[in-house]
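A structural walkthrough
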Amino acid sequence: MGRPRAFDEDEAVRAAVDLFGGRAYDGVSVDDLVSHLGVHRNSLYKTFGSKRGLYLIALRRHLADDVRPLLDALAGASDTADALRLVTTADLRLLLLAAVERAPVDEEVAGEVKAALAAVDQAIADALGVPADLAAALTAAALGIILRGNPAGVATALTQHLGPLT
């Protein structure tokens, strides 16, 4: 019989979300995981299988804990400005990093990212009563605003020009 697990798996996964969301998959070594998660190397491999295994669990946790609440909030968006505000203020760091770093080289990650972005598109379309392609364009604009850090109030300027849509 093995020793009981000396760490909280849930806490380790949440810490991995923060670590991967801040430095991306390739920016995090197994040594980084061991030191930041407080998990022994053998325990990490025994519990999660690999760095990639932990990454996938962390990505799915991020989708459940950070993206799902965004979808719920978008259901109550009253207009384009509200929808853009919700998306641009959500913690989507890991989703964005996964989209640009891992999705192009990992089909499983690509599937998770595609499904999450489609869900955001659909939530915006449903909330605002706009066609799916326009909702996808709004999602893309919001993600671009996040990536650019909202320079010179781009989000505000955009919503002023999009006001007639809703």
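Above: the structure in question.
Right, let's walk through the structure included here. (Residues numbered from 1 in each chain as written. Predicted model: local features only at pLDDT ≥ 70, side-chain atom pairs only at ≥ 80, totals over all residues. Heavy atoms only, no water.)

Turning next to helix α8 (residues 132-148). With 17 residues, α8 extends 24 Å between its outermost C-alpha atoms, agreeing within 8% with the 24 Å of an ideal straight helix rising 1.5 Å per residue. Turning to α8, its buried residues number three or more, namely Ala135, Leu138, Thr139, Ala142, Leu143 and Ile145. The buried side chains of α8 occupy one side of the element, clustering within an arc of 155° when seen end-on. Those residues of α8 that are exposed and aimed more than 90 degrees away from the buried face are Asp133, Leu147 and Arg148. (Helix = DSSP H or I, 4+ residues; strand = E, 2+ residues; numbered from the N terminus. Expected span 1.5 Å × (residues − 1). Buried < 20%, exposed > 50% of the residue type's maximum accessible area, 1.4 Å probe, protein only. Arc of directions from axis to C-beta.)

Compared with the 32 Å implied by 1.5 Å per residue over 22 residues, the 31 Å span of helix α7 (residues 107-128) between its first and last C-alpha is a close match. Turning to α7, its buried residues are Val109, Val113, Ala116, Val120, Asp121, Ala123, Ile124, Ala125 and Leu128. Those residues of α7 hidden inside the fold are in contact with α4 (51-74), α5 (80-89), α6 (93-102) and α8. Two or three places before Glu108, at the start of α7, stands the capping residue Asp106, its side-chain oxygen 3.0 Å from that residue's backbone nitrogen. Gly129 lies just past α7 and shows a positive phi near 65°. (Contact = heavy atoms within 4.5 Å. Polar contact = N/O pair within 3.5 Å; in protein donor to acceptor, adjacent residues only side chain to side chain.)

A word on the packing of aromatic side chains. Applying the stated criterion across every chain, the model contains 3 aromatic pairs. An angle of 15° between the planes, with centres 6.0 Å apart, marks the rings of Phe20 and Tyr25 as stacked. Neither residue differs from the other here; Phe20 and Tyr25 are each classed as buried. Seen from their ring centres, Phe20 and Tyr55 are 5.0 Å apart, and the 85° between their planes marks the pair as edge-to-face. Separated by 35 residues along the polypeptide, Phe20 in helix α1 (residues 9-23) and Tyr55 in helix α4 bring together distant segments of the chain. Exposure class is identical for Phe20 and Tyr55. Each is buried. Here a set of aromatic residues connected by ring pairs shows up, and it is made of Phe20, Tyr25 and Tyr55. (Phe/Tyr/Trp six-rings, centres within 6.5 Å; stacked < 30°, edge-to-face > 60°.)

Further remarks concern the environment of Gly38. Of note, Gly38 is situated in the loop between α2 (30-37) and α3 (41-48). By relative accessible area, which is 57% here, Gly38 ends up exposed. Placed 40 residues apart in sequence, Gly38 and Ser78 show a C-alpha to C-alpha distance of 43 Å.

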